[in-house]
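Chain by chain, the residues run as shown.
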Amino acid sequence: MGKDKFNECDVVQDLLPLYYDNACTSASKKMVEQHLMTCEKCKKTYEALRNTTIDTVMKDEAEGILERHAKKERNMAYKAGIMIALILMVPVVITFIVSMSSGGGLGVFAVLTASMLLVASLSVVPLLSTQRRMTKSILASVIALLLIFFFVDRMNGGGEFVLWTIPTIFGLSIVFFPLVIRNITLPPILSDKKALITLTWDTLWLFLTIFEVCNHSGDIEGMRTGYTVSLILMTGVWLIFLVARYLPVNVWIKAGIILIISCIWMAFTNDVYAYFAEHKKQLTILSTNFSDWSTNICVNANVYTLILIFGGIVGGGLLVYGIINMKRKRLK
């Protein structure tokens, strides 16, 4: 072969992967095909490139090994779950026998059974589940915990179950409801509204908790105060959430608006509470005096004013930067 022939082979060798993937130009494709008709070396290289049997076999074998390993792990987890479940049944059976033989009733037995269900929810359920283990474990644990409350309440004469249940669900929901709803498949119309559902759920349980606790103790004035504080608190939370989630602007504008809302909320929350809860008209920032920090009202007024000033400057700067950035993108 001459020098030109070697140069042509080098070019074709570089083009073979593209030719194999049908990703080269028509001119390059034609040149490769004409070259392969006359060059055995390049033809063998192309045939080797086309022969993916070994790679396919190795890939299938690797997938088979992984699948067998996963199946083995699932079987071991299942057996471990069954063994733990059987061990947890031992104290339940013993308690049942003792309760029946002593004539003491099934109260202790019921409480112990619910307690064992709680333990099983945290240990057995994850081992026996193949999908959404955390979600199933959380739900099973909550159900078991409510059963414990129910049976203990029955043993003590009743009347406290709802009082224990509602605050408990509210507290657990704040931590675990986002994890649960994240792994739940919702209808298409709700699939992109999980954050909205979460905040709505927590808000409802907050007000329900205030109602149940105050109603149970007969503290109607405390209920009114609790609702007032909660409304003021949740108004700020909902405004920030709606801006962050649904306002169709860039992140800089959202940050500016959220900062301004937060500063206004911090500066005037006490005044709003005093108006609705105590029927007092006041505006704390009117007592601002940066040369006087001796009284609580002056300290509060000075701090609130500083929050408004610096928050307004930073928030306004973020707004301006966001607006300029948005206009630049529109001009591009």
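Scroll up for the structure.
Definitions and limits used
- Residues numbered from 1 in each chain as written.
- Predicted model: local features only at pLDDT ≥ 70, side-chain atom pairs only at ≥ 80, totals over all residues.
- Heavy atoms only, no water.
- Salt bridge = Lys/Arg side-chain N within 4 Å of Asp/Glu carboxyl O.
- Buried < 20%, exposed > 50% of the residue type's maximum accessible area, 1.4 Å probe, protein only.
- 1 Å grid on protein atoms, 1.4 Å probe; cavity = no way out; pocket = protein on both sides within 12 Å on 5 of 7 lines; lining within 4 Å.
- Points joined across faces, edges and corners; volume = space filled by probe spheres on them.
- Helix = DSSP H or I, 4+ residues; strand = E, 2+ residues; numbered from the N terminus.
- Nonpolar A, V, L, I, M, F, W, Y, C, P; charged D, E, K, R; others polar.

## A closer look at the pattern of salt bridges
Close approach of charged atoms allows side chains of opposite charge to pair.
Link 1 in the chain: In total, this model carries four salt bridges according to the counting rule given.
Link 2 in the chain: Asp153 is paired through a salt bridge with Arg154; the nearest N and O atoms lie 3.1 Å apart.
Link 3 in the chain: For Arg154, a relative accessible area of 48% puts it in the partly exposed group.
Link 4 in the chain: Two residues, Arg224 and Glu221, come together in a salt bridge whose shortest N-O distance is 2.8 Å.

## Concerning the layout of surface pockets
Link 1 in the chain: There is about 220 Å³ of room inside the largest pocket.
Link 2 in the chain: Taken together, Ile138, Leu139, Val142, Ile169, Leu172, Ser173, Phe176, Phe177, Val180 and Trp201 make up the lining of the largest pocket.
Link 3 in the chain: Put simply, the parts of the chain that give the lining of the largest pocket at least two residues each are helix H6 (133-155) and helix H7 (161-182).
Link 4 in the chain: It is H7 that contributes the most residues to the lining of the largest pocket, six residues altogether.
Link 5 in the chain: Looking at the lining of the largest pocket residue by residue, the classes come out as nine nonpolar, one polar and no charged.
Link 6 in the chain: Considered as a void within the structure, the second largest pocket measures approximately 180 Å³ in volume.
Link 7 in the chain: Lining the second largest pocket are Leu231, Ile232, Thr235, Gly236, Leu239, Ile261, Ile264, Trp265, Phe268, Thr269 and Val272.
Link 8 in the chain: Elements with a contribution of two residues or more to the lining of the second largest pocket: helix H9 (220-246) and helix H10 (251-278).
Link 9 in the chain: In terms of residues, the lining of the second largest pocket owes the most to one element, H10, which gives six residues.
Link 10 in the chain: Classifying every residue of the lining of the second largest pocket gives eight nonpolar, three polar and no charged.

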